[in-house]
Amino acid sequence: MATRVQTVAFQGIEAVPVDVQVQIATGGLPILVIVGLPDKAVKESGERVRAALTASGLSLPARRIIVNLAPADLPKEGSHYDLPIALGLMAAIGAIPNDALSGHMALGELGLDGRLAPTAGVLPAAIAAHARDLGIICPEPSGPEAAWAGEEIDIIAAESLLALVNHLGGYQLCSRPVARRRLLPAGLPDLAEVRGQDVARRALEVAAAGGHNLLMIGPPGAGKSMLALRLPSILPPLNPRELLDVSMIQSIAGELADGALSDRRPFRAPHHSASMAALVGGGLKVRPGEVSLAHNGILFLDELPEFTPSVLDSLRQPLEAGETVIARANTRVTFPARFQLVAAMNPCKCGLAGTPGHTCKRGDACAADYQGRISGPFLDRIDIRIDVPAVSVADMIGPASSEPSAAVAARVAGARERQRQRFLERGHPGIFTNAAAGPTLIEAVANPDQESQNLLLQAAERFSLSARAYHRVLKVARTLADLGGAEKVARPHIAEALSYRLNLGVS
Ligand SMILES: Nc1ncnc2c1ncn2[C@@H]1O[C@H](COP(=O)(O)OP(=O)(O)O)[C@@H](O)[C@H]1O
Ligand SMILES: [Mg+2]
């Protein structure tokens, strides 16, 4: 008779139920075979499990053992199958009661000494277990993560196989883990440190308020990176629903330190040498990329033209759809990727094109070549583009009286609350920012007056705005009205939104 242990396979952030079936044959050569589309890590599982069981004082019978991972046509990736396989074997040899496993799902990686190692994906697995009225068995370090799935769910977070034998046999119980919040060092970099740059500060505030994409263009040392690094200090914390999504992605990527969750918005700043797989996900193992790790937060691309053009263009699809699709020969995986793009660049290779009194050695080609590395369709997705000129030394020496982040954050929070409320009233509880609203919805909520419509029409004709650009201008205008506390979108909002769009520092 085969023993059965329930576990999961990850498809994006979704945890799909998988059954681990273990059968010890009556005869045959003493080998352990794993079937059911296992990848290399899963195949190696057999060796780890055998060693871990031996280290725990449990030896396997010298018979042929078959482990089947069902459904057989679903690819299985990762090292979290160690524990369910080990539990199946332990039940088969009578080390633990067989019925102890029926109400639980198990996942975890094993060390050769029988210890359970921290494992990726425990949070989505625990949520899936909860939804199916099951408990969860996981490694002790991942326990706090599982505790976020709910108060009622039964969690067995064990340190080793031996601790599990003791718990399931009722000799010595493992204590229930508690959900933990990650305590981040207080005091993010503050906007008060940025002198001058009023236009850039305003643009940063608007971008934060509506979740809009932002591009800053200016000479080296103007403070572009400095401004971008201060964006987290003016963004509101994640709401509970966003927090869960963000944490599930971090869990799958194995980036939840100590199983503790944080409500701070993600801020990802990949280096410009990043590959396409690192940015949009995929690679040898299907793993969320930077765009997904930046979900509900910020993806900061510094020195934008230094990124490989094809890598930048691969961002176009997630920028539009809010998710990435990784297609494989035998599977297709979707990860959420609704991020806010913030980019910074110099206007040309030497960095000073457009600065009064400077002429590039290579003339106009210097700026044209550099800016040409960024494609038009990519640029079309950036709602706010601003020039960030160098600050004069006089500005730096003068008294520092910049507004601190806390004051800006309060205005941003007010504007975001207005958006959330409005979308909720219209029956869209999952939309929190103007940037995330679809075309029909934004047309309905922006609804510009006649005067503004005329202005939009003129601009559209003169600058041949694309349909996408039209909607994006409406979104920024709606955010400007929200920041100003205005009920309706009026001409000044449209004019300011257009000024961000048409500021073609990049041609
Ligand atoms: N507006 C500013 N206010 C205060 N310091 C600034 C400002 N702009 C630049 N700096 C100083 O110059 C340094 C470099 O700025 P940075 O943001 O890296 O420039 P960029 O990214 O535009 O090349 C900062 O660390 C800061 O010391
Ligand atoms: Mg910089």
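Residues numbered from 1 in each chain as written. Chains lettered and ligands numbered in written order. Predicted model: local features only at pLDDT ≥ 70, side-chain atom pairs only at ≥ 80, totals over all residues.

Draft legend 1. How the structure looks around helix α8 (residues 240-252). With 13 residues, α8 ought to run about 18 Å at 1.5 Å a step, and its terminal C-alpha atoms sit 18 Å apart, in line with that. Turning to α8, its buried residues are Val246, Ser247, Met248, Ile249, Gln250, Ser251 and Ile252. The secondary structure elements touched by the buried residues of α8 are β1 (3-11), α3 (122-131), α4 (143-147), α10 (290-293) and β14 (332-336). Phi turns positive, to about 70 degrees, at glycine 254, one or two residues after α8. (Helix = DSSP H or I, 4+ residues; strand = E, 2+ residues; numbered from the N terminus. Expected span 1.5 Å × (residues − 1). Buried ≥ 20, exposed ≤ 12 C-beta atoms within 10 Å, placed from the backbone. Contact = placed C-beta atoms within 7 Å.)

Draft legend 2. Structural view of the nonpolar core. Residues Ala86, Ala125, Ala146 and Ala477 are the most contacted members of the largest nonpolar core, which totals 138 residues. Other than its neighbours up to four places away in sequence, alanine 146 contacts Val122, Leu123, Ala126, Ile136, Cys138, Ile155, Ala157 and Pro177. Residues Cys348, Ala353, Ala367 and Tyr370 belong to the second largest nonpolar core, which totals five residues. (Core = buried A, V, L, I, M, F, W, Y, C linked by C-beta atoms within 7 Å.)

Draft legend 3. Representation of the packing of helix α17 (residues 439-446) against helix α19 (residues 467-483) within the structure. α19 packs onto α17 with a crossing angle of 45 degrees between their chain directions and a minimal axis gap of 10 Å. Here α19 runs oblique to α17, going by the angle between their axes. Regarding α17 and α19, the two cross each other, and that crossing is left-handed. In this structure, α17 uses Pro439, Ile442, Glu443, Val445 and Ala446 to contact α19, whose residues at the interface are His471, Leu474, Lys475, Ala477 and Arg478. Along the lines of polarity and charge, the residues of the contact of α17 with α19 split into six nonpolar, one polar and three charged. (Axes fitted to C-alpha atoms, helices over the stretch in contact; angles between N-to-C directions. Parallel < 35°, antiparallel > 145°, perpendicular 65-115°, else oblique. Left-handed = near helix turned anticlockwise from the far one by under 90°. Nonpolar A, V, L, I, M, F, W, Y, C, P; charged D, E, K, R; others polar.)

Draft legend 4. Region of the structure containing the pairing of strand β12 (residues 298-301). Going residue by residue along β12, you find Ile298 and Phe300 tucked away on one face and Leu299 and Leu301 tucked away on the opposite face as well. By the bridge criterion, two bridges tie strand β11 (residues 267-268) to β12 in an arrangement that is parallel. Looking at the pairing, arginine 268 lines up with leucine 299 of β12. The pairing of β12 with strand β15 (residues 340-345) spans four bridges and is parallel. Bridging across to β15, leucine 301 finds its partner in alanine 343. (Pairing = 2+ DSSP bridges.)

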